Amino acid sequence: QVQLVESGGALVQPGGSLRLSCAASGRIFSIDFMGWYRQPPGKQRELVATLTSGGLTNYADSVKGRFTISRDNAKNTIYLQMSSLKPEDTAVYYCNERGRTSYFSMYDTWGQGTQVTVSS
């Protein structure tokens, strides 16, 4: 069973930066897809950024040019580097990873979420 644990959420002033981490543990045979999502207060969960195993990235229009998704394979960790943060970036951020634990078994796992608050 694959588990994801996020960290790095904090209170930060507008214009500031944060790096979120999402550490994966468990048996991982291969990874197909990685993503960061967020749920602002009172709103539905929305896509922030995705990264495929082939290195293709996709970003929500609201974060393009400010956020960067990446993965360190040696550490089994996904990152979301956030800069020029705005109050509207305030949300609980979740990581998601999809892949295989063996040739025959797939996984689709979510982290527990980490709170990011952008406020002066």
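Remember, predicted model here, so these are calculated numbers, not experimental data. (Residues numbered from 1 in each chain as written. Predicted model: local features only at pLDDT ≥ 70, side-chain atom pairs only at ≥ 80, totals over all residues. Heavy atoms only, no water.)

Enquirer: I'd like a rundown of the overall build of the protein chain, residues and numbers included.
Expert: A tally of helices and strands in the protein chain yields zero helices and eleven strands. When the elements of the protein chain are put in sequence order from the N terminus, they spell out β-β-β-β-β-β-β-β-β-β-β. Relative to the 2.2 N^0.38 estimate, which gives 14 Å for 120 residues, the radius of gyration of the protein chain is 14 Å and therefore close to what a compact globule would have. Along the first, second and third principal axes, the C-alpha set of the protein chain runs to 50 × 25 × 25 Å. The buried share of the protein chain, reckoned over its 120 residues, is 44%. Within the protein chain, residue pairs in contact and separated by at least 24 positions form 56% of the contacts whose partners lie at least 6 positions apart. Summed over all atoms, the accessible surface of the protein chain reaches about 6400 Å², with 48% contributed by carbon and sulfur. The averaged location of the 9 negative side-chain charges in the protein chain is 2 Å from the averaged location of its 12 positive side-chain charges. (Helix = DSSP H or I, 4+ residues; strand = E, 2+ residues; numbered from the N terminus. Rg over C-alpha atoms; globule rule 2.2 N^0.38 Å. Buried < 20%, exposed > 50% of the residue type's maximum accessible area, 1.4 Å probe, protein only. Contact = heavy atoms within 4.5 Å. Areas by Shrake-Rupley, 256 points an atom, 1.4 Å probe, with all protein chains shown as cover. Lys, Arg positive; Asp, Glu negative; His and termini not counted. Charge placed at Lys NZ, Arg CZ, Asp CG, Glu CD.)

Enquirer: An account of the nonpolar core is needed here, citing residue identities and associated values.
Expert: Among the nonpolar cores identified, the biggest contains 28 residues, and Trp36, Val48, Phe67, Ile69, Leu80, Met82 and Tyr93 are the most heavily contacted of them. Broken down by secondary-structure element, the contributors of at least two residues to this core are β3 (18-25), β4 (30-39), β5 (46-52), β7 (67-72), β8 (77-82), β9 (91-100) and β11 (114-118). Ranked by residues supplied to this core, first place goes to β3 with four residues. Not counting chain neighbours up to four residues away, the residues in contact with Met82 comprise Gly16, Ser17, Leu18, Leu20, Arg66, Phe67, Tyr93 and Val116. (Core = buried A, V, L, I, M, F, W, Y, C linked by side-chain atoms within 4.5 Å.)

Enquirer: Describe the packing of aromatic side chains, and please don't skip the residues or the numbers.
Expert: Applying the stated criterion across every chain, the model contains two aromatic pairs. Seen from their ring centres, Tyr37 and Trp110 are 4.9 Å apart, and the 55° between their planes marks the pair as tilted. Of this pair, Tyr37 sits in strand β4 while Trp110 is found in strand β10 (residues 106-110), placing the two residues 73 residues apart along the sequence. Centroid distance Tyr103 to Phe104: 5.2 Å. Interplanar angle 85°. Geometry classified as edge-to-face. Accessibility classification places Tyr103 together with Phe104 in one group, the exposed group. (Phe/Tyr/Trp six-rings, centres within 6.5 Å; stacked < 30°, edge-to-face > 60°.)

Treat this as a map of the structure, not an account of what it does.
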